[in-house]
Amino acid sequence: MSTGEPLSIVGIIKNSIELGLKNFIPLFIAFILWVLTVWIPYLNVGTSIGLFVLIPIKIGKGESFSPMDIFNKENRKYIGEFFLTVGFVMLGFYAGILFFIIPAFVIGVAWGQATFLLFDKGLDPIQAIKKSNEITYGKKWIIFLGSLALVICLIIAAFILGFISGLISQYLTYLILFVIYVTFFPIVIASHGYIYNTLIKEAGL
């Protein structure tokens, strides 16, 4: 999806919901397949990369995908680099905690695009982390507040719809909450893809 809009809090909320609902069925099926196979060693690495890295990249670019894409052997092509990247990000995050937590969240946002850059742009772990820091410079608060606002909006929507449906029927409340629950994951995954795609477009990558 290419809107040409600069990254903004409102844009994150609006486009994440739009993309999440648009890709709801394949995302939901992919999630179910991931849950059913997450206990299988080695395979679970590829499916996790497929679901949490490669599919969001495709969603952000407006490309179609299949739930079965999480099983592609190509997902494990950079498995070593993936673990190195995640390891470096985690080390940075935990180091930030030692300095009274806030730096940890700054690092988490600053380096949060590294795994996407690793697979999408073929960068090595250090390059990916450095480039992630570059493309998020000046936009960390937008990313953090936009992501937080998105989650809050979904929670508020669940509360309001749950309250209204509770006045009608308790069973309707359960149904409404279930629908919101299963749409929560696709929308959050879509938000990652939207944020990444917008950042790389603004950076001219």
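Heads up: these notes are all about the structure in this document. In this text the structure is predicted, and so the values were computed from the model without any measurement.

About the criteria used
Residues numbered from 1 in each chain as written. Predicted model: local features only at pLDDT ≥ 70, side-chain atom pairs only at ≥ 80, totals over all residues. Heavy atoms only, no water. Salt bridge = Lys/Arg side-chain N within 4 Å of Asp/Glu carboxyl O. Helix = DSSP H or I, 4+ residues; strand = E, 2+ residues; numbered from the N terminus. Buried < 20%, exposed > 50% of the residue type's maximum accessible area, 1.4 Å probe, protein only. Phe/Tyr/Trp six-rings, centres within 6.5 Å; stacked < 30°, edge-to-face > 60°. Contact = heavy atoms within 4.5 Å. Core = buried A, V, L, I, M, F, W, Y, C linked by side-chain atoms within 4.5 Å. Expected span 1.5 Å × (residues − 1). Axes fitted to C-alpha atoms, helices over the stretch in contact; angles between N-to-C directions. Parallel < 35°, antiparallel > 145°, perpendicular 65-115°, else oblique. Left-handed = near helix turned anticlockwise from the far one by under 90°. Nonpolar A, V, L, I, M, F, W, Y, C, P; charged D, E, K, R; others polar.

**Digging into the pattern of salt bridges**
Under the definition given, this model contains 5 salt bridges. Measuring nitrogen to oxygen at the nearest pair gives 3.3 Å for the salt bridge that ties Lys-58 to Asp-69. Linking Lys-58 in helix H3 (residues 43-61) with Asp-69 in the loop between H3 and helix H4 (79-97), this pair joins segments that are 11 residues apart in sequence. Judged by its relative accessible area of 17%, Asp-69 falls in the buried class. When salt bridges that share partners are traced, they join Lys-61, Asp-120 and Lys-121 into one network.

**Thoughts on the packing of aromatic side chains**
Per the counting criterion, the structure on display carries 13 aromatic pairs. Between Tyr-78 and Phe-119, the ring centres sit 5.9 Å apart and the planes meet at 75°, which makes this aromatic pair edge-to-face. Here Tyr-78, found in the loop between H3 and H4, pairs with Phe-119, found in helix H6 (residues 114-120); they are 41 residues apart in sequence, far enough to count as distant. The rings of Phe-93, Tyr-94, Phe-105, Trp-141 and Phe-144 are connected pair by pair, giving a single aromatic cluster.

**Considering the side chain of Thr-37**
With respect to the element layout, Thr-37 can be found in helix H2 (residues 24-37). Judged by relative accessible area, Thr-37 falls into the buried class, the value being 13%. Contact partners of Thr-37, with chain neighbours within four places excluded, come to Leu-43, Asn-44, Thr-47 and Phe-71.

**Here's the deal with the nonpolar core**
Residues Val-53, Ile-55 and Ile-59 are the most contacted members of the largest nonpolar core, which totals 36 residues. Every element with two or more residues in this core is listed here: helix H1 (9-22), H2, H3, H4, H6, helix H7 (125-135) and helix H9 (170-202). Ignoring any residue separated from it by four or fewer positions in sequence, one finds Ile-55 in contact with Leu-27, Ala-30, Gly-50, Phe-65 and Ile-70.

**Notes on the environment of Glu-74**
Assignment of secondary structure puts Glu-74 in the loop between H3 and H4. For the pair Glu-74 and Gly-50, spaced 24 residues apart in sequence, the C-alpha to C-alpha distance is 9.2 Å.

**Quick look at H1**
Look at H1: 20 Å from first C-alpha to last across 14 residues, which is about the 20 Å you get at 1.5 Å a residue. Every buried residue of H1 is listed here: Gly-11, Ile-12, Ile-13, Asn-15, Ser-16, Leu-19 and Gly-20.

**A short note on the packing of H2 against H3**
Running from amino to carboxyl end, H2 crosses H3 at an angle of 165°, the nearest separation of the two axes being 9 Å. Taken together, the axis directions place H2 and H3 in an arrangement best described as roughly antiparallel. Classified by chirality, the crossing of H3 by H2 is left-handed. For the pair H2 and H3, the contacting residues are Leu-27, Ala-30, Phe-31, Trp-34 and Thr-37 in the first and Leu-43, Asn-44, Thr-47, Ser-48, Leu-51, Phe-52, Ile-55 and Ile-59 in the second. For the contact of H2 with H3, a count of residues per class yields 9 nonpolar, 4 polar and no charged.

**Topic: unusual backbone geometry**
Positive phi values are uncommon outside glycine, yet Tyr-42 reaches one of about 70°. Among the structural elements, Tyr-42 can be located in the loop between H2 and H3.

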